[in-house]
Amino acid sequence: MCGIVGYIGSGEATEYIFDGLKRLEYRGYDSAGIATITNGGIDRRRGEGKLVNLEKKLREQPLAGSVGIGHTRWATHGRPTEFNAHPHTDGSGKISVVHNGIIENYMPLKEELIEKGHRFVSQTDTEVLAHLIEDEFKDDLEAAVRAALKRVEGAYAIGVISTHDPDTLIAGRKSSPLILGLGDNENFIASDVPAILPHTRKIIYLDDEEIAVLTRSGATVKDLGGNTVDKKVETIEWNPVLAEKGGYDHFMLKEIFEQPQVIRNTIGGRTDEEHAKIYLEEMGLSVEDVKKLKHIYIVACGTAYYSGCVGKYMIEQLARVQVEVDFASEFRYRNPIVDESTLVIVISQSGETADTLAALREAKKRGARVIGIVNVKGSSIAREVDGVLYIHAGPEIGVASTKAYMAMLIALILIAIQFGRMRELVDVPEARRLIRELKRLPRLIERTLADVGNIQEIAETFFEARDFLYLGRGVNFPTAMEGALKLKEISYIHAEAYAAGEMKHGPIALIDRNMPVLCIATKSATYDKVLSNIQEVKAREGNVIALVTDGDEEILKFTRDVISVPETEEILSPIVNVVPMQLLAYYIALRRGSDVDQPRNLAKSVTVE
Ligand code: AGP
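Note that the structure is a prediction, hence the values are computed from the model and not measured. (Residues numbered from 1 in each chain as written. Predicted model: local features only at pLDDT ≥ 70, side-chain atom pairs only at ≥ 80, totals over all residues. Heavy atoms only, no water.)

## Some words on the overall build of the chain
Per the secondary structure count, the chain includes 18 helices and 26 strands. Against the 2.2 N^0.38 benchmark of 25 Å for 609 residues, the chain shows a C-alpha radius of gyration of 25 Å, consistent with a compact globule. Counting over 609 residues, the chain shows a buried share of 61%. Excluding contacts between residues fewer than 6 apart, the proportion of contacts in the chain whose partners are at least 24 apart in sequence is 72%. Summing over all exposed atoms, the chain offers an accessible surface of approximately 22800 Å²; the carbon and sulfur share of this is 47%. (Helix = DSSP H or I, 4+ residues; strand = E, 2+ residues; numbered from the N terminus. Rg over C-alpha atoms; globule rule 2.2 N^0.38 Å. Buried < 20%, exposed > 50% of the residue type's maximum accessible area, 1.4 Å probe, protein only. Contact = heavy atoms within 4.5 Å. Areas by Shrake-Rupley, 256 points an atom, 1.4 Å probe, with all protein chains shown as cover.)

Shown next, in the form of structure tokens:
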């Protein structure tokens, strides 16, 4: 997934665009570039690797102009070289394009254009788009862009500038996010809100197969047929500081420490302890709808998938509805058994993950009711589901998801309690107890966060490990899976998670003194079983890191590497237990010198297959 920024106004386009790209660097960072209209032509600077390399070039050779486009890239087609860096131009050098997405039919289009005499200098699908616009251009740039996009298959968010129409900035999108920012005599395009928030809070979300024509005085949105489309101008409440690091060394650490507040924000006004009620009207499910539920799919990717695995335990335990959790990339291709009686819940922080978006479209095509648990307002998934439950985690910039995962768990337990109440399986006292405990969680997590020193010491002991094993049971088996993902994606250590009861069926062969085993052994119905698993590991010289409930002395017989967390309801324990694992992964990655906020090979939202 890449980052796009465009500017048209009276200021220096390069300043606005570079500042915006820096705020989007989490979206991809293997090359970057900016192009502006200056001195009657198009000029461009591009750099391989991170933005600092582009910054150096801009310092050596400043780029003037008050209309421009910029791009920070996560390579899909073509190696991350300067030649493949965006913006790309057409053969005449009069049209320049930046693009996020994948043009699936770029090869046949490229062959057709080469037949017509076009010459290409890069391996990218984006350069084909620039030549396609040139090929379609008669005397109207906007018409040429629309005609070109009609010929394109796949996903795109694009920005276009041209000396054919030097006082215009054109944007278009299909399946990849793109927003317009409306300023005073200046307007913007961007892949995401943080890029332009310091300059304007007035935002328009483009929808699929729409283009926007921006001038200094305003913006017009049209469909690909050229018909004007009325769009709502939204006002973003976030303040720019929120989207900055707030004094922490990394966005990830800031977002871990924001979690107590995030829980309060996700719960918001959705609970009424006195009346034992949960308010989730935005999902659009009636009591009748919930009572006749027979089967629920939860579909997502990565961390969102693991939150769904926790949600399965919560919903099955409280609402007694069968829940099947599936990776979106599997669900969309396995001809799933879905019909009008199926409820599909898709979970996505970004609301732009291509596999999850495709899975929801597949589910809707088969007649299912689809609900979304989403963080980013106005995102593609949020706009295509039948009902959306926003998790209000605020902008999550660190590539490794933390506070959004926490917010997803809160949303899922709210759903589980509400479904349990609607199906008359959760009585008033139980609902009150759970709601009361939910409201205690922020304080419990604040206490857990205070244990940072102990976790840093454990990180110091184990940061050189080559392999890690994470074990959990029941509702904390998915917690172990999420813990393992956190470690592997930012420290690059191989980490696997297993249901603790599975150890004897193979994984125990892996155990030796070089294999740290993090075991979730907090208070639960299966605590004694987990203790036996710990003994099995110790008997084979394994190094156990135990996550236990405050006051557990028993564990000290087996290991000194202990992380303790406050007690809570077992069904809520994944919400507390994940925090030490986030911190452990963070401090191990830090000790190994990884780029915590922008881990290698990853992007914040995978908007391509
Ligand atoms: C989580 O730390 C990863 N960055 C990744 O697995 C992520 O959860 C996954 O790509 C899904 O993203 P989404 O929630 O935006 O759909």
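Anyway, onward from the coordinates.
## A few points about the packing of helix H4 (residues 125-136) against helix H5 (residues 141-150)
Packing of H4 against H5 brings their axes to within 8 Å, and their N-to-C directions diverge by 120 degrees. By the angle class used here, H4 and H5 are oblique. H4 and H5 meet at a crossing whose hand is right-handed. Contacts between H4 and H5 involve Leu129, Leu132, Ile133 and Glu136 from the first element and Leu141, Ala144, Val145, Ala147, Ala148 and Leu149 from the second. Residues of the contact of H4 with H5, tallied by class, amount to nine nonpolar, no polar and one charged. (Axes fitted to C-alpha atoms, helices over the stretch in contact; angles between N-to-C directions. Parallel < 35°, antiparallel > 145°, perpendicular 65-115°, else oblique. Left-handed = near helix turned anticlockwise from the far one by under 90°. Nonpolar A, V, L, I, M, F, W, Y, C, P; charged D, E, K, R; others polar.)

## Observations regarding the site of the ligand
Around the ligand lies a shell of 13 residues, among which Ser348, Gln349, Ser350, Thr353 and Glu489 are the nearest. Contact between the ligand and Gln349: an oxygen atom at 2.7 Å from a main-chain N or O atom of the residue. Isolated, the ligand exposes 410 Å² of accessible area, and the fraction of that covered by the protein chains is 91%. Of all the secondary structure elements, the ones that give two or more residues to the shell around the ligand are helix H9 (302-319) and helix H16 (477-491). Among the residues forming the shell around the ligand, the class breakdown is four nonpolar, seven polar and two charged. (Near = heavy atom within 4 Å. Polar contact = N/O pair within 3.5 Å; in protein donor to acceptor, adjacent residues only side chain to side chain.)

## What to know about unusual backbone geometry
For the bond running from His86 to Pro87, omega is 0 degrees, close enough to zero to count as cis. On the secondary structure map, Pro87 appears in the loop between strand E4 (67-73) and strand E5 (88-89). Positive phi values are uncommon outside glycine, yet Glu209 reaches one of about 60 degrees. Its identity as a non-glycine residue notwithstanding, Tyr492 has a phi of 65 degrees, on the positive side. Mapped onto the fold, Tyr492 is located in the loop between H16 and strand E23 (494-499).

## Looking at the sheet that holds strand E2 (residues 31-38)
As summarised here, the arrangement of the eight strands in space is E3-E2-E4-E1-E10-E9-E11-E14, forming an open sheet in which the pairing is antiparallel. This sheet does not close on itself; its edge strands, each paired only once, are strand E3 (41-48) and strand E14 (234-235). Alignment of E2 against E4, held across six bridges, turns out to be antiparallel. Bridge pairing links Ser31 to Arg73 in E4. Relative to strand E1 (residues 3-8), helix H1 (residues 13-23) is tilted by about 155 degrees, and along the sheet it contacts E1, E2, E4 and strand E10 (187-190). Along the sheet, helix H2 (residues 51-60) contacts E2 and E3; its crossing angle with E3, the most-contacted strand, is approximately 135 degrees. (Pairing = 2+ DSSP bridges.)

## With respect to the side chain of Ser573
As for its position among the elements, Ser573 is in helix H18 (residues 573-591). A polar side-chain atom of Ser573 sits 3.0 Å from a polar atom in the side chain of Asn476. Sequence-distant contacts of Ser573, defined by excluding residues within four places in its chain, comprise Val475, Asn476 and Thr568.

## A few points about the pattern of salt bridges
A full pass over the atoms with the stated rule returns 43 salt bridges. The residue Arg151 makes a salt bridge to Glu112 at a minimum N-O spacing of 2.6 Å. On the criterion of sequence distance, the pair formed by Arg151 in the loop between H5 and strand E7 (154-162) and Glu112 in helix H3 (residues 106-115) is long-range, its members being 39 residues apart. Measuring nitrogen to oxygen at the nearest pair gives 2.9 Å for the salt bridge that ties Glu258 to Lys254. Taking the relative accessible area as the measure of exposure, Lys254 reaches 5% and is therefore buried. Via salt bridges that share partners, Glu112, Lys116, Asp135, Glu136 and Arg151 belong to a single interconnected network. (Salt bridge = Lys/Arg side-chain N within 4 Å of Asp/Glu carboxyl O.)

## Let's talk about the sheet that holds strand E26 (residues 562-565)
The five strands are arranged E23-E22-E24-E25-E26 in an open sheet whose pairing can be described as parallel. Edge positions in the sheet fall to E23 and E26, since each has one partner strand and no second. Adjacent strand axes in the sheet meet at a mean angle of 15 degrees when their direction is disregarded. Pairing between strand E22 (residues 467-472) and strand E24 (residues 516-521): three bridges, direction parallel. Bridge pairing in E24 places Leu471 opposite Cys519. Against the sheet, helix H17 (residues 527-538) makes contact with E24 and strand E25 (543-549), and its axis sits at roughly 165 degrees relative to E24, the strand it touches most.

## Concerning the pairing of strand E12 (residues 210-214)
Across the five residues that make up E12, a large majority, five, are buried. Judged by which residues are buried, E12 turns out to be covered on both faces: Glu210, Ala212 and Leu214 on one side and Ile211 and Val213 on the other are all buried. Two strands pair when backbone bridges link them, and strand E8 (residues 169-174) and E12 are joined in this way by five bridges, in the antiparallel orientation. Bridge pairing links Arg173 to Glu210 in E12. Sheet analysis places E12 next to strand E13 (residues 219-223), joined by five bridges and oriented antiparallel. Across the sheet, residue Ala212 finds its bridge partner in E13, namely Val221. Counting the residues that bridge the hairpin from E12 to E13 gives four residues.

## Looking at the nonpolar core
Across soluble globular proteins, nonpolar side chains show a tendency to be buried alongside one another. Membership of the largest hydrophobic core comes to 101 residues, with the highest contact counts inside it found for Ile296, Ile373, Phe419, Phe468, Tyr470 and Ile575. Examining the composition of this core, we find that 16 residues originate from one element, helix H13 (residues 403-422), more than from any other. The residues contacting Tyr470, other than those within four sequence positions of it, are Ala480, Gly483, Ala484, Leu487, Ala495, Glu496, Ala497, Tyr498, Leu518, Met581 and Leu584. Counting residues in each nonpolar core, the second largest holds 25 residues, with Leu109, Val128, Leu149 and Val213 among its members. (Core = buried A, V, L, I, M, F, W, Y, C linked by side-chain atoms within 4.5 Å.)

## As for the packing of aromatic side chains
Where two aromatic rings form a pair, the distance of their centres and the angle of their planes describe that pair. Under the counting rule described, the total for this entry stands at 10 aromatic pairs. Relative to Tyr16, the ring of Tyr7 has its centre 4.2 Å away and its plane inclined at 5 degrees; by these criteria the two rings are stacked. The buried category is assigned to Tyr7, whose relative accessible area is 0%. Take Tyr16: its relative accessible area is 21%, and that puts it in the partly exposed class. (Phe/Tyr/Trp six-rings, centres within 6.5 Å; stacked < 30°, edge-to-face > 60°.)

## A few points about the packing of helix H15 (residues 452-462) against H18
H18 packs onto H15 with a crossing angle of 50 degrees between their chain directions and a minimal axis gap of 9 Å. When the interaxial angle is binned, H15 and H18 end up oblique. The element H15 and its partner H18 pack so that their crossing is right-handed. Only Pro580, Leu583, Leu584, Tyr587, Ile588 and Arg591 of H18 make contact with H15, whose side of the interface consists of Val452, Ile455, Gln456, Ile458, Ala459 and Glu460. Split into classes, the residues belonging to the contact of H15 with H18 amount to nine nonpolar, one polar and two charged.

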